[in-house]
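Chain residues, written in single-letter form:
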Amino acid sequence: VFVTSNLPSQMAIGEQFEARVQIFNYSQRTQTVRLAAQASAGLRVDLNAQSVVVPANEVVALTARIQAVSSGLQTITLVVMGDSTLDQRQATILVQ
């Protein structure tokens, strides 16, 4: 499994962004995976699902609501954990 998203590169303080998070499963079997988000103090993250079933050779799309709460370079890491797999994507967002 692996994870991708359309996180923005810039946000304004107070702005909210609904990011599309996609989890790809290219294996031959269905997997139940856990999605987690780790964000720096200047961002708030709300995921619409933490555990999801991804069928074999399919893609599942989820939503993550990001809110910018303080200025500066902020980071967010999305982590997806499957039965025997782990993938993560990190993004840096400039909040002004």
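Look up a bit, the structure's there.
The present account deals with the structure reproduced in this document. (Residues numbered from 1 in each chain as written. Predicted model: local features only at pLDDT ≥ 70, side-chain atom pairs only at ≥ 80, totals over all residues. Heavy atoms only, no water.)

**Brief notes about the sheet that holds strand β4 (residues 31–39)**
Turning to step 1, where the next piece is worked out: Spatially, five strands are ordered β2-β9-β8-β4-β6 in an open sheet, and the strand pairing comes out mixed. Two strands in the sheet have a free side with no partner beyond their single neighbour: β2 (10–11) and β6 (51–54).
Turning to step 2, where the next piece is worked out: In terms of strand pairing, strand β8 (residues 72–81) meets strand β9 (residues 86–95) through 10 bridges, oriented antiparallel. For G72, the partnering residue across the bridge sits in β9 and is V95. (Pairing = 2+ DSSP bridges. Helix = DSSP H or I, 4+ residues; strand = E, 2+ residues; numbered from the N terminus.)

**Structural notes on the nonpolar core**
Taken as a class, soluble globular proteins show a tendency for nonpolar side chains to be buried jointly.
Turning to step 1, where the next piece is worked out: Ranked by internal contacts, the top residues of the largest apolar core, which has 24 residues, are I23, L35 and I66.
Turning to step 2, where the next piece is worked out: The element best represented in this core is strand β7 (residues 58–68), accounting for five residues. (Core = buried A, V, L, I, M, F, W, Y, C linked by side-chain atoms within 4.5 Å. Buried < 20%, exposed > 50% of the residue type's maximum accessible area, 1.4 Å probe, protein only.)

**Side note on the packing of aromatic side chains**
Working definition: an aromatic ring pair is given by the centre-to-centre distance plus the angle between the planes.
Turning to step 1, where the next piece is worked out: On inspection of all chains with the given rule, the structure shows three aromatic pairs.
Turning to step 2, where the next piece is worked out: Ring centres 4.6 Å apart and planes at 5° place the aromatic pair F2 and F24 in the stacked group. Of this pair, F2 sits in strand β1 (residues 2–5) while F24 is found in strand β3 (residues 16–25), placing the two residues 22 residues apart along the sequence.
Turning to step 3, where the next piece is worked out: Residue class for F2 comes out partly exposed when judged on its relative accessible area of 26%.
Turning to step 4, where the next piece is worked out: Pairwise contacts between aromatic rings join F2, F24 and Y26 into one cluster. (Phe/Tyr/Trp six-rings, centres within 6.5 Å; stacked < 30°, edge-to-face > 60°.)

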